[in-house]
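# Breakdown of the fold
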Amino acid sequence: MSEEWPLRQDPASPVIIAHELVEHPEKLAFVVLDDDDDWFISDGAEFEEDMEVNRQLFGAMVLREAVALLPHLVALADVPAGMAADWDPERLTWLLSSVSDSDDLDEDLAHRDARIAAWTHPGSPLEEVQLSTGLTEIGTTAAAPSRAVRQVVREQDGTWLFVGFEVPEAEDFEVEGLELEHVVQLYPDVVSTLLAAPGQVFDRAEPGAPWELVEG
């Protein structure tokens, strides 16, 4: 880990972590960055309604210590709040997803309203869009492929598809879903394509190159 602190959160900020991971970090299952940008790190256990059970399963740790225990957390430095990441220990890869609502309905509604009010692009920040699977994965090894959007497709029904450079052209590929705001935060260079009308497709030859309208 670099001597320069790699995460945007204060290294002394508290995180919630499964007790089991302190002795067995290899049991890491997933992490969540909640709406307040705080970390929840689990061995697979979820919060229960019974707070006594939660105290048995989880404890507090400062973020600096959590990163020392689980250095692959650093790969999530640019992941926005409101997202989760499942850990794939065989591939040493994080698998991203947008977090579903919590048990606090009023808090969820207030947060949704704030996100919508702050959104300055077409569409809704809460809209679920499709991405080629590689765009929702973050590898932690030197051999991990780079992630960038190659093609943006606005389907005739108005839905969105974002395709990464990991997908060979004209080949079938698997897709995953994320909320549109999270896509924009992960890949801010797609913002200019959000003006696409249904049926339009934007493409580019390499990461960072200008977008070209190739269809519609």
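Here we summarise the structure given alongside this text. Sequence order sets the numbering: in each chain, residues are counted from 1 along the sequence as written. In keeping with the model being predicted, local features are shown solely for residues with a pLDDT of at least 70 and side-chain atom pairs are shown and tallied solely at 80 or more, while totals for entire chains, interfaces and linings include all residues. Side-chain measures were taken over the full set of non-hydrogen atoms in the model, leaving aside hydrogen atoms and water.

With that settled, consider unusual backbone geometry. Outside of glycine, negative phi angles account for most residues, and trans bonds account for most peptide bonds. One non-glycine residue, Asp-37, adopts positive backbone phi at about 70°. Topologically, Asp-37 is positioned in the loop between strand E2 (30–33) and strand E3 (39–42). Positive phi outside glycine occurs at Leu-92, with the angle close to 55°. Every helix listed is a DSSP run of H or I at least four residues long, and every strand listed is a run of E at least two residues long, numbered separately from the N terminus. Relative to the helices and strands, Leu-92 is located in the loop between strand E5 (83–88) and strand E6 (93–98).

Should their charged atoms come close, side chains of opposite charge can pair. When a carboxyl oxygen of Asp or Glu lies within 4 Å of a side-chain nitrogen of Lys or Arg, that pair is called a salt bridge. Applying the stated criterion to the full structure yields eight salt bridges. A salt bridge links Arg-55 to Glu-52; the shortest N-O distance between them is 3.2 Å. Of the two residues, Arg-55 and Glu-52 are both situated in helix H2 (residues 51–57); the distance of three residues between them amounts to about one turn of the helix. Working definition: with a 1.4 Å probe on protein chains only, accessible area under 20% of the residue-type maximum means buried, over 50% means exposed, and in between means partly exposed. Residue classification places Arg-55 among the exposed residues on the basis of a relative accessible area of 52%.

Across the sheet, which stays open at both edges, the six strands sit in the order E11-E7-E10-E9-E12-E13 with mixed pairing between neighbours. Here the strands that pair on one side only, and so sit at the sheet edges, are strand E11 (175–179) and strand E13 (212–215). Across the sheet, the mean angle from the axis of one strand to that of its neighbour is 25°, orientation sign disregarded. Any two strands with at least two DSSP bridges between them are considered paired. Examined bridge by bridge, strand E9 (residues 149–154) and strand E12 (residues 201–203) share three bridges and lie antiparallel to one another. Pairing of Gln-151 across the sheet is with Asp-203, part of E12. To obtain each axis, a line is fitted to C-alpha atoms, and for helices this fit is confined to the stretch in contact; angles are then taken between N-to-C directions over 0 to 180 degrees.

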